[in-house]
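# Secondary and tertiary structure notes
One-letter residues, chain by chain:
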Amino acid sequence: MEKYIYLDNNATTMVDPKVLESMLPFFKERYGNPSSMHSFGGLVGREVEKARMQVARLVGAEHDYEIVFTGSGTESDNMAVMGVLGYYRDRKHVITSRVEHPAILSLCKKLERDGYRITYIPVDWDGNLDVEMLKSSVDDDTAIVSIMYANNETGVVFPVEEIGAFLKQKGVPFHVDAVQAAGKIPIDVNKINCDLLSISGHKFHAPKGIGALYVRRGTRMRPILYGGHQERGRRPGTENVPGIVGMGAAAELALEHLPEYDTRVRKLRDRLEEGLLRGHKNAVLNGGRTNRVPNTTNVGFEFIEGEAILLYLDEKGIAASSGSACSSGSLEPSHVLRAMGVPFTSAHGSIRFSLSRYVTDGDVDYVLSVMPGIVQRLLEISPYWDSKKQEPLPINL
Ligand code: PLP
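This write-up is about the structure you can find in this document. Residue indices begin from 1 for each chain and proceed along its sequence in written order. Side-chain atom pairs in this predicted model are given and counted only at pLDDT of 80 or more, local residue features only at pLDDT of at least 70, and totals for whole chains, interfaces and linings cover all residues. For the side-chain quantities, the full set of heavy atoms in the structure was used; hydrogens and water were omitted.

## Thoughts on the site of the ligand
Only heavy atoms are used to decide nearness, and a residue is near a molecule or strand if one of them lies within 4 Å of it. Close to the ligand lie 13 residues; Gly73, Thr74, Asp177, Ser200 and Lys203 are nearest. Interatomic distance of 2.8 Å between a backbone N/O atom of glycine 73 and an oxygen atom of the ligand. The separation between an oxygen atom of the ligand and a polar side-chain atom of histidine 202 is 3.0 Å. Note that accessible areas follow from Shrake-Rupley with a 1.4 Å probe, and for residues the cover is restricted to the protein chains shown. In isolation the ligand exposes 390 Å². Once the protein is present, 88% of that is buried. Ten residue types, Ala, Val, Leu, Ile, Met, Phe, Trp, Tyr, Cys and Pro, are classed as nonpolar, four, Asp, Glu, Lys and Arg, as charged, and the remainder, Gly among them, as polar. Class assignment of the residues belonging to the shell around the ligand gives a composition of 2 nonpolar, 8 polar and 3 charged. What qualifies as a polar contact is a pair of N or O atoms within 3.5 Å, subject to a donor-acceptor requirement within protein and to the restriction that residues adjacent in sequence count only when both atoms come from side chains.

Here it is in C-alpha coordinates:
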(Lines give C-alpha, C1' and ligand atoms only; values in the text may rest on other atoms or scores of the structure.)
Protein backbone atom coordinates (compact mmCIF):
# COMPACT_ATOMS: atom_id res chain seq x y z
CA MET A 1 0.00 0.00 0.00
CA GLU A 2 1.20 3.49 -0.85
CA LYS A 3 2.03 5.89 1.96
CA TYR A 4 -1.12 7.08 3.61
CA ILE A 5 -1.20 10.27 5.64
CA TYR A 6 -3.13 9.09 8.65
CA LEU A 7 -4.85 11.90 10.54
CA ASP A 8 -7.59 9.83 12.16
CA ASN A 9 -5.80 8.79 15.33
CA ASN A 10 -8.82 9.45 17.57
CA ALA A 11 -10.53 6.60 15.69
CA THR A 12 -7.61 4.23 16.14
CA THR A 13 -3.82 4.24 16.01
CA MET A 14 -1.03 2.24 14.44
CA VAL A 15 0.41 -0.47 16.67
CA ASP A 16 3.90 0.67 17.66
CA PRO A 17 6.42 -1.85 16.22
CA LYS A 18 7.94 -2.23 19.72
CA VAL A 19 4.48 -3.09 21.06
CA LEU A 20 3.98 -5.72 18.37
CA GLU A 21 7.38 -7.20 19.14
CA SER A 22 6.53 -7.48 22.84
CA MET A 23 3.33 -9.37 21.96
CA LEU A 24 4.63 -11.92 19.45
CA PRO A 25 6.05 -14.50 21.92
CA PHE A 26 2.60 -14.75 23.51
CA PHE A 27 1.10 -15.91 20.20
CA LYS A 28 3.90 -18.44 19.74
CA GLU A 29 5.96 -20.23 22.34
CA ARG A 30 4.56 -18.49 25.43
CA TYR A 31 0.94 -19.55 25.01
CA GLY A 32 0.34 -20.78 28.58
CA ASN A 33 -2.77 -19.86 30.55
CA PRO A 34 -1.81 -17.34 33.25
CA SER A 35 -4.16 -19.07 35.72
CA SER A 36 -2.49 -22.49 35.37
CA MET A 37 -0.70 -24.07 38.32
CA HIS A 38 2.36 -25.03 36.25
CA SER A 39 5.24 -22.69 35.65
CA PHE A 40 4.58 -22.66 31.87
CA GLY A 41 1.43 -20.71 32.63
CA GLY A 42 2.75 -18.99 35.75
CA LEU A 43 5.54 -17.27 33.83
CA VAL A 44 2.94 -15.85 31.47
CA GLY A 45 0.97 -14.70 34.50
CA ARG A 46 4.00 -12.72 35.61
CA GLU A 47 3.99 -10.82 32.31
CA VAL A 48 0.31 -10.00 32.82
CA GLU A 49 1.21 -8.55 36.23
CA LYS A 50 4.07 -6.56 34.71
CA ALA A 51 1.62 -5.06 32.21
CA ARG A 52 -0.77 -4.23 35.05
CA MET A 53 2.01 -2.27 36.72
CA GLN A 54 2.83 -0.45 33.48
CA VAL A 55 -0.82 0.56 32.98
CA ALA A 56 -1.12 1.56 36.65
CA ARG A 57 1.81 3.94 36.11
CA LEU A 58 0.19 5.50 33.05
CA VAL A 59 -2.84 6.58 35.09
CA GLY A 60 -1.00 7.26 38.35
CA ALA A 61 -2.68 4.42 40.29
CA GLU A 62 -1.21 3.67 43.69
CA HIS A 63 -1.81 -0.09 43.55
CA ASP A 64 -1.39 -2.39 40.53
CA TYR A 65 -4.47 -4.38 41.53
CA GLU A 66 -6.59 -1.29 40.92
CA ILE A 67 -6.22 -2.03 37.17
CA VAL A 68 -8.75 -4.45 35.63
CA PHE A 69 -8.11 -5.53 32.03
CA THR A 70 -11.18 -5.51 29.77
CA GLY A 71 -11.92 -6.04 26.09
CA SER A 72 -12.32 -2.37 25.08
CA GLY A 73 -12.97 1.17 26.20
CA THR A 74 -16.66 0.46 25.68
CA GLU A 75 -16.53 -2.48 28.07
CA SER A 76 -14.64 -0.44 30.66
CA ASP A 77 -17.27 2.32 30.47
CA ASN A 78 -20.14 -0.17 30.80
CA MET A 79 -18.44 -2.02 33.64
CA ALA A 80 -17.91 1.20 35.57
CA VAL A 81 -21.48 2.46 35.34
CA MET A 82 -23.32 -0.86 35.50
CA GLY A 83 -20.98 -2.15 38.19
CA VAL A 84 -21.68 0.78 40.51
CA LEU A 85 -25.43 0.74 39.78
CA GLY A 86 -25.39 -2.98 40.61
CA TYR A 87 -24.18 -2.14 44.10
CA TYR A 88 -26.28 0.98 44.80
CA ARG A 89 -29.55 -0.62 43.76
CA ASP A 90 -31.70 1.91 45.58
CA ARG A 91 -30.18 4.93 43.80
CA LYS A 92 -31.77 5.71 40.45
CA HIS A 93 -30.04 8.86 39.22
CA VAL A 94 -27.05 9.07 36.88
CA ILE A 95 -25.28 12.25 35.73
CA THR A 96 -23.36 12.42 32.48
CA SER A 97 -22.83 14.94 29.66
CA ARG A 98 -24.54 15.48 26.32
CA VAL A 99 -21.27 14.95 24.46
CA GLU A 100 -20.14 11.57 25.80
CA HIS A 101 -19.14 8.72 23.52
CA PRO A 102 -21.95 6.27 22.60
CA ALA A 103 -20.29 3.80 25.01
CA ILE A 104 -21.87 5.91 27.77
CA LEU A 105 -24.77 7.60 25.96
CA SER A 106 -26.31 4.40 24.55
CA LEU A 107 -26.00 2.80 27.97
CA CYS A 108 -27.75 5.80 29.53
CA LYS A 109 -30.59 5.52 26.99
CA LYS A 110 -31.04 1.89 28.03
CA LEU A 111 -30.96 2.91 31.70
CA GLU A 112 -33.68 5.49 31.02
CA ARG A 113 -35.83 2.72 29.53
CA ASP A 114 -35.16 0.73 32.72
CA GLY A 115 -36.54 3.57 34.86
CA TYR A 116 -33.37 5.50 35.74
CA ARG A 117 -33.33 9.29 35.74
CA ILE A 118 -30.42 10.59 33.68
CA THR A 119 -29.19 14.19 33.77
CA TYR A 120 -27.31 15.14 30.60
CA ILE A 121 -25.13 18.17 31.36
CA PRO A 122 -24.90 20.61 28.41
CA VAL A 123 -21.82 22.24 26.91
CA ASP A 124 -21.34 25.77 25.59
CA TRP A 125 -20.35 27.00 22.13
CA ASP A 126 -16.69 26.16 22.82
CA GLY A 127 -17.58 22.64 23.99
CA ASN A 128 -16.97 23.41 27.68
CA LEU A 129 -19.06 21.60 30.28
CA ASP A 130 -21.52 23.45 32.52
CA VAL A 131 -19.81 22.40 35.74
CA GLU A 132 -22.10 24.50 37.95
CA MET A 133 -25.13 22.67 36.58
CA LEU A 134 -23.38 19.37 37.21
CA LYS A 135 -22.77 20.33 40.82
CA SER A 136 -26.34 21.44 41.38
CA SER A 137 -27.72 18.25 39.78
CA VAL A 138 -26.19 15.95 42.41
CA ASP A 139 -28.74 14.72 44.94
CA ASP A 140 -29.20 11.89 47.44
CA ASP A 141 -30.42 9.61 44.67
CA THR A 142 -27.28 10.06 42.49
CA ALA A 143 -25.52 6.70 42.11
CA ILE A 144 -22.70 7.77 39.78
CA VAL A 145 -21.38 10.65 37.71
CA SER A 146 -19.70 9.65 34.43
CA ILE A 147 -17.83 12.37 32.53
CA MET A 148 -15.23 12.13 29.79
CA TYR A 149 -11.73 13.55 30.24
CA ALA A 150 -11.31 14.64 26.60
CA ASN A 151 -13.90 14.74 23.85
CA ASN A 152 -13.20 12.45 20.91
CA GLU A 153 -14.54 14.88 18.28
CA THR A 154 -13.24 18.25 19.43
CA GLY A 155 -10.45 17.26 21.83
CA VAL A 156 -11.90 19.61 24.49
CA VAL A 157 -10.69 18.65 27.98
CA PHE A 158 -13.18 18.74 30.84
CA PRO A 159 -12.23 19.99 34.35
CA VAL A 160 -12.30 16.52 35.89
CA GLU A 161 -10.17 17.59 38.88
CA GLU A 162 -12.72 20.21 39.91
CA ILE A 163 -15.57 17.74 39.45
CA GLY A 164 -13.68 15.01 41.33
CA ALA A 165 -12.97 17.25 44.32
CA PHE A 166 -16.65 18.19 44.54
CA LEU A 167 -17.92 14.62 44.22
CA LYS A 168 -15.44 13.29 46.76
CA GLN A 169 -16.80 15.72 49.30
CA LYS A 170 -20.34 14.61 48.40
CA GLY A 171 -19.40 10.90 48.55
CA VAL A 172 -20.74 10.25 45.04
CA PRO A 173 -18.84 7.72 42.85
CA PHE A 174 -17.07 9.33 39.89
CA HIS A 175 -16.20 7.61 36.61
CA VAL A 176 -13.94 9.28 34.05
CA ASP A 177 -13.86 8.11 30.42
CA ALA A 178 -10.21 8.87 29.70
CA VAL A 179 -10.09 6.92 26.42
CA GLN A 180 -9.12 10.04 24.43
CA ALA A 181 -6.78 11.41 27.09
CA ALA A 182 -4.44 8.43 27.55
CA GLY A 183 -1.14 8.97 25.80
CA LYS A 184 -1.98 12.59 24.94
CA ILE A 185 -2.03 14.36 28.31
CA PRO A 186 -0.87 13.20 31.78
CA ILE A 187 -3.46 11.27 33.79
CA ASP A 188 -3.36 11.12 37.58
CA VAL A 189 -6.29 9.33 39.21
CA ASN A 190 -5.34 10.75 42.60
CA LYS A 191 -5.32 14.34 41.40
CA ILE A 192 -8.65 13.72 39.68
CA ASN A 193 -10.06 11.98 42.75
CA CYS A 194 -12.02 9.60 40.55
CA ASP A 195 -13.15 6.16 41.65
CA LEU A 196 -13.11 4.65 38.16
CA LEU A 197 -11.31 5.56 34.93
CA SER A 198 -11.50 3.92 31.49
CA ILE A 199 -8.77 3.65 28.87
CA SER A 200 -8.48 1.74 25.60
CA GLY A 201 -5.28 0.29 24.11
CA HIS A 202 -5.93 0.99 20.43
CA LYS A 203 -6.03 4.74 21.04
CA PHE A 204 -2.38 4.81 22.14
CA HIS A 205 -0.59 2.41 19.80
CA ALA A 206 -1.59 -0.92 21.39
CA PRO A 207 -3.85 -3.30 19.46
CA LYS A 208 -7.64 -3.21 19.27
CA GLY A 209 -9.69 -5.31 21.65
CA ILE A 210 -7.87 -4.52 24.89
CA GLY A 211 -8.96 -1.95 27.46
CA ALA A 212 -8.56 -1.30 31.15
CA LEU A 213 -10.62 0.08 33.98
CA TYR A 214 -8.97 1.71 36.98
CA VAL A 215 -11.00 0.83 40.07
CA ARG A 216 -9.95 2.70 43.21
CA ARG A 217 -9.37 0.43 46.17
CA GLY A 218 -12.57 0.18 48.22
CA THR A 219 -14.91 1.18 45.35
CA ARG A 220 -18.25 -0.49 45.83
CA MET A 221 -19.43 -2.24 42.70
CA ARG A 222 -20.62 -5.59 41.31
CA PRO A 223 -19.17 -7.46 38.34
CA ILE A 224 -21.14 -7.35 35.10
CA LEU A 225 -19.81 -10.74 33.96
CA TYR A 226 -19.84 -13.94 36.01
CA GLY A 227 -17.40 -16.80 35.56
CA GLY A 228 -13.93 -17.71 36.79
CA HIS A 229 -11.67 -15.87 39.18
CA GLN A 230 -9.62 -13.95 36.58
CA GLU A 231 -8.98 -10.28 37.37
CA ARG A 232 -9.93 -11.09 40.98
CA GLY A 233 -13.41 -12.06 39.80
CA ARG A 234 -14.03 -8.52 38.60
CA ARG A 235 -13.75 -9.44 34.91
CA PRO A 236 -13.84 -13.21 34.45
CA GLY A 237 -12.73 -14.88 31.22
CA THR A 238 -9.31 -16.17 30.18
CA GLU A 239 -7.07 -13.16 29.69
CA ASN A 240 -6.15 -11.72 26.28
CA VAL A 241 -2.47 -12.13 27.15
CA PRO A 242 -0.91 -10.73 23.94
CA GLY A 243 -3.26 -7.74 24.15
CA ILE A 244 -2.51 -7.16 27.82
CA VAL A 245 1.26 -7.41 27.28
CA GLY A 246 0.95 -5.05 24.30
CA MET A 247 -1.09 -2.57 26.28
CA GLY A 248 1.53 -2.63 29.04
CA ALA A 249 4.33 -1.90 26.56
CA ALA A 250 2.22 0.82 24.90
CA ALA A 251 1.50 2.40 28.30
CA GLU A 252 5.22 2.63 29.04
CA LEU A 253 5.91 4.15 25.60
CA ALA A 254 2.97 6.54 26.00
CA LEU A 255 4.48 7.93 29.19
CA GLU A 256 7.85 8.37 27.45
CA HIS A 257 6.25 10.20 24.52
CA LEU A 258 3.97 12.52 26.54
CA PRO A 259 6.42 15.47 26.34
CA GLU A 260 6.52 15.06 22.55
CA TYR A 261 2.72 15.44 22.41
CA ASP A 262 2.91 18.62 24.43
CA THR A 263 5.56 20.09 22.13
CA ARG A 264 6.07 18.70 18.62
CA VAL A 265 2.59 17.20 18.07
CA ARG A 266 0.87 20.28 19.52
CA LYS A 267 2.93 22.54 17.23
CA LEU A 268 2.04 20.42 14.20
CA ARG A 269 -1.65 20.49 15.11
CA ASP A 270 -1.57 24.25 15.61
CA ARG A 271 0.19 24.77 12.27
CA LEU A 272 -2.36 22.60 10.49
CA GLU A 273 -5.23 24.39 12.21
CA GLU A 274 -3.92 27.89 11.56
CA GLY A 275 -3.16 27.00 7.95
CA LEU A 276 -6.69 25.72 7.41
CA LEU A 277 -8.34 28.69 9.10
CA ARG A 278 -6.17 31.24 7.29
CA GLY A 279 -6.31 29.48 3.95
CA HIS A 280 -10.10 29.19 3.67
CA LYS A 281 -12.61 32.00 3.94
CA ASN A 282 -15.31 29.52 4.94
CA ALA A 283 -13.34 27.70 7.71
CA VAL A 284 -14.32 27.95 11.39
CA LEU A 285 -12.90 26.18 14.43
CA ASN A 286 -15.22 23.90 16.42
CA GLY A 287 -14.28 23.82 20.11
CA GLY A 288 -12.43 26.24 22.34
CA ARG A 289 -8.78 26.69 21.57
CA THR A 290 -7.30 26.67 25.03
CA ASN A 291 -8.16 23.48 26.80
CA ARG A 292 -7.76 20.69 24.30
CA VAL A 293 -5.69 17.55 23.90
CA PRO A 294 -2.71 18.47 21.71
CA ASN A 295 -3.43 16.17 18.78
CA THR A 296 -6.99 17.13 17.75
CA THR A 297 -8.53 19.87 15.66
CA ASN A 298 -12.09 20.03 14.37
CA VAL A 299 -12.63 22.52 11.57
CA GLY A 300 -15.96 23.31 9.94
CA PHE A 301 -15.96 24.28 6.26
CA GLU A 302 -19.14 26.24 5.79
CA PHE A 303 -21.55 25.53 2.92
CA ILE A 304 -19.94 22.23 1.82
CA GLU A 305 -20.34 18.58 2.84
CA GLY A 306 -17.80 16.92 5.14
CA GLU A 307 -18.30 13.56 3.44
CA ALA A 308 -17.34 15.03 0.07
CA ILE A 309 -14.20 16.57 1.60
CA LEU A 310 -13.30 13.18 3.08
CA LEU A 311 -13.71 11.43 -0.28
CA TYR A 312 -11.43 13.94 -2.01
CA LEU A 313 -8.92 13.71 0.84
CA ASP A 314 -9.02 9.93 0.55
CA GLU A 315 -8.25 10.22 -3.17
CA LYS A 316 -5.15 12.21 -2.20
CA GLY A 317 -4.10 9.54 0.32
CA ILE A 318 -5.21 11.39 3.46
CA ALA A 319 -7.38 9.84 6.19
CA ALA A 320 -9.46 12.09 8.46
CA SER A 321 -13.04 11.91 9.70
CA SER A 322 -16.17 14.01 9.56
CA GLY A 323 -18.54 15.40 12.14
CA SER A 324 -21.56 13.61 10.77
CA ALA A 325 -23.04 10.54 12.37
CA CYS A 326 -22.36 8.32 9.38
CA SER A 327 -22.61 5.27 11.56
CA SER A 328 -26.34 5.88 11.85
CA GLY A 329 -26.61 6.05 8.06
CA SER A 330 -27.82 9.64 8.23
CA LEU A 331 -25.98 12.82 7.45
CA GLU A 332 -27.14 14.49 10.65
CA PRO A 333 -24.36 16.49 12.29
CA SER A 334 -22.86 14.66 15.25
CA HIS A 335 -24.49 14.92 18.67
CA VAL A 336 -21.36 16.71 19.91
CA LEU A 337 -21.52 19.53 17.36
CA ARG A 338 -25.28 19.81 17.86
CA ALA A 339 -24.83 20.06 21.64
CA MET A 340 -22.34 22.90 21.04
CA GLY A 341 -24.86 24.74 18.88
CA VAL A 342 -22.64 24.66 15.77
CA PRO A 343 -24.86 25.99 12.92
CA PHE A 344 -25.79 23.46 10.24
CA THR A 345 -23.91 25.45 7.58
CA SER A 346 -20.60 24.47 9.17
CA ALA A 347 -21.54 21.35 11.17
CA HIS A 348 -22.20 19.49 7.90
CA GLY A 349 -18.76 20.41 6.64
CA SER A 350 -16.84 19.62 9.81
CA ILE A 351 -13.66 17.59 9.60
CA ARG A 352 -11.72 16.17 12.52
CA PHE A 353 -7.99 15.84 12.04
CA SER A 354 -6.34 13.83 14.82
CA LEU A 355 -2.57 13.50 14.81
CA SER A 356 -0.11 11.08 16.39
CA ARG A 357 3.60 11.08 17.04
CA TYR A 358 4.05 9.45 13.61
CA VAL A 359 2.81 12.55 11.78
CA THR A 360 5.53 14.69 10.18
CA ASP A 361 5.93 18.30 9.07
CA GLY A 362 5.80 17.10 5.49
CA ASP A 363 2.40 15.45 6.13
CA VAL A 364 0.95 18.74 7.38
CA ASP A 365 2.46 20.64 4.41
CA TYR A 366 0.85 18.16 2.04
CA VAL A 367 -2.61 18.48 3.64
CA LEU A 368 -2.36 22.26 3.56
CA SER A 369 -1.37 22.12 -0.10
CA VAL A 370 -4.31 19.96 -1.25
CA MET A 371 -7.12 21.40 0.86
CA PRO A 372 -7.67 24.71 -1.03
CA GLY A 373 -8.31 22.84 -4.31
CA ILE A 374 -10.77 20.46 -2.63
CA VAL A 375 -12.66 23.21 -0.82
CA GLN A 376 -12.83 25.44 -3.91
CA ARG A 377 -14.15 22.59 -6.05
CA LEU A 378 -16.92 21.87 -3.53
CA LEU A 379 -17.81 25.52 -3.02
CA GLU A 380 -18.34 25.85 -6.75
CA ILE A 381 -21.10 23.22 -6.68
CA SER A 382 -22.55 24.37 -3.35
CA PRO A 383 -26.15 25.66 -3.48
CA TYR A 384 -25.21 28.10 -0.70
CA TRP A 385 -22.22 29.75 -2.38
CA ASP A 386 -22.00 32.47 -4.99
CA SER A 387 -18.97 31.44 -7.06
CA LYS A 388 -18.83 34.68 -9.01
CA LYS A 389 -18.72 36.89 -5.93
CA GLN A 390 -16.87 34.27 -3.83
CA GLU A 391 -19.25 34.75 -0.93
CA PRO A 392 -22.26 32.95 0.57
CA LEU A 393 -25.62 33.37 -1.12
CA PRO A 394 -28.31 34.89 1.09
CA ILE A 395 -30.08 31.99 2.83
CA ASN A 396 -33.89 32.07 2.93
CA LEU A 397 -34.97 29.77 5.73
N1 PLP B 1 -14.85 6.56 24.95
C2 PLP B 1 -14.36 7.46 24.10
C3 PLP B 1 -14.24 8.89 24.53
C4 PLP B 1 -13.95 7.08 22.82
O5 PLP B 1 -13.47 7.98 21.97
C6 PLP B 1 -14.07 5.71 22.45
C7 PLP B 1 -13.70 5.27 21.09
O8 PLP B 1 -13.67 6.05 20.15
C9 PLP B 1 -14.59 4.80 23.39
C10 PLP B 1 -14.96 5.27 24.63
C11 PLP B 1 -14.74 3.35 23.07
O12 PLP B 1 -13.50 2.68 23.04
P13 PLP B 1 -13.36 1.29 22.28
O14 PLP B 1 -13.27 1.61 20.83
O15 PLP B 1 -12.09 0.69 22.80
O16 PLP B 1 -14.55 0.48 22.64
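Moving on, there is more to tell.
## Here we look at the sheet that holds strand β6 (residues 174-177)
Two strands form a pair only when DSSP identifies at least two bridges running between them. Every helix listed is a DSSP run of H or I at least four residues long, and every strand listed is a run of E at least two residues long, numbered separately from the N terminus. Here 7 strands make up an open sheet; going across it, the order is β2-β8-β7-β6-β5-β3-β4 and the pairing mixed. Because the sheet does not close on itself, it has two edges, and the strands there are β2 (67-70) and β4 (117-121). Going across the sheet, the axis of each strand differs from the next one's by a mean of 20°, ignoring polarity. Bridge count between strand β5 (residues 142-148) and β6: 4 bridges; the pairing is parallel. Across the sheet, residue serine 146 finds its bridge partner in β6, namely histidine 175. Two residues form a contact once any of their heavy atoms are found within 4.5 Å. Helix axes use the C-alpha atoms of the stretch in contact, all axes being lines fitted to C-alpha atoms, and the angles between their N-to-C directions lie in the range 0 to 180 degrees. The sheet strands contacting helix α3 (residues 73-87) are β2, β3 (93-97), β5, β6, β7 (196-200) and β8 (211-215), and the helix crosses β7 at an angle near 160°. Sheet contacts for helix α4 (residues 102-113): β3, β4, β5 and β6; angle to β4, the most-contacted strand, approximately 145°.

## Structural notes on the packing of helix α2 (residues 39-59) against helix α8 (residues 241-279)
The description of two helices packed together rests on the angle between their axes and the distance between the axes. Two numbers describe how α2 lies on α8: the axes approach to 8 Å, and their chain directions differ by 35°. In this structure, α2 meets α8 at a crossing whose hand is left-handed. Between α2 and α8, the contacting residues are Val44, Glu47, Val48, Ala51, Gln54, Val55, Arg57 and Leu58 on the first element and Val241, Ile244, Val245, Met247, Gly248, Ala249, Ala251, Glu252, Ala254 and Leu255 on the second. A per-class count over the contact of α2 with α8 returns 13 nonpolar, 2 polar and 3 charged. In a left-handed crossing the near helix is turned counterclockwise from the far helix by less than a right angle, and in a right-handed crossing that turn is clockwise.

## As for the packing of aromatic side chains
How two aromatic rings sit relative to each other is set out by the distance from centre to centre and by the angle between their planes. Each pair of aromatic rings taken from Phe, Tyr and Trp, with Trp reduced to its six-membered ring, is defined by centres within 6.5 Å and is described as stacked if the planes are under 30 degrees apart, edge-to-face if over 60, and tilted in the remaining cases. Per the counting criterion, the structure on display carries 4 aromatic pairs. Ring centres of tyrosine 87 and tyrosine 88 lie 4.9 Å apart, and the angle between their planes is 80°; this geometry places the pair in the edge-to-face category. Per-residue accessibility, obtained with a 1.4 Å probe over protein chains only, is compared with the maximum for each type, and a residue is labelled buried under 20%, exposed over 50%, and partly exposed between these values. Its relative accessible area of 32% is what places tyrosine 87 among the partly exposed residues. When the centroid spacing of 6.3 Å and the interplanar angle of 80° are considered together, the rings of phenylalanine 344 and tyrosine 384 count as edge-to-face. Of this pair, phenylalanine 344 sits in helix α11 (residues 344-347) while tyrosine 384 sits in the loop between α12 (361-380) and β14 (385-386), and the two are 40 residues apart along the sequence. The exposure class assigned to phenylalanine 344 is partly exposed, which follows from its relative accessible area of 40%.

## A closer look at the nonpolar core
Here, nonpolar core refers to any group of buried Ala, Val, Leu, Ile, Met, Phe, Trp, Tyr and Cys residues whose side-chain atoms link them within 4.5 Å. Residues Tyr149, Phe174, Leu197 and Ile199 are the most contacted members of the largest nonpolar core, which totals 67 residues. The biggest single contributor to this core is α8, with 9 residues. The residues contacting tyrosine 149, other than those within four sequence positions of it, are Val156, Val157, Phe158, Val160, Val176, Asp177, Ala178, Ala181, Ile185, Pro186, Ile187 and Ile192. Counting 30 residues, the second-largest nonpolar core is a separate cluster that includes Ile309, Ala320, Val367 and Val375.

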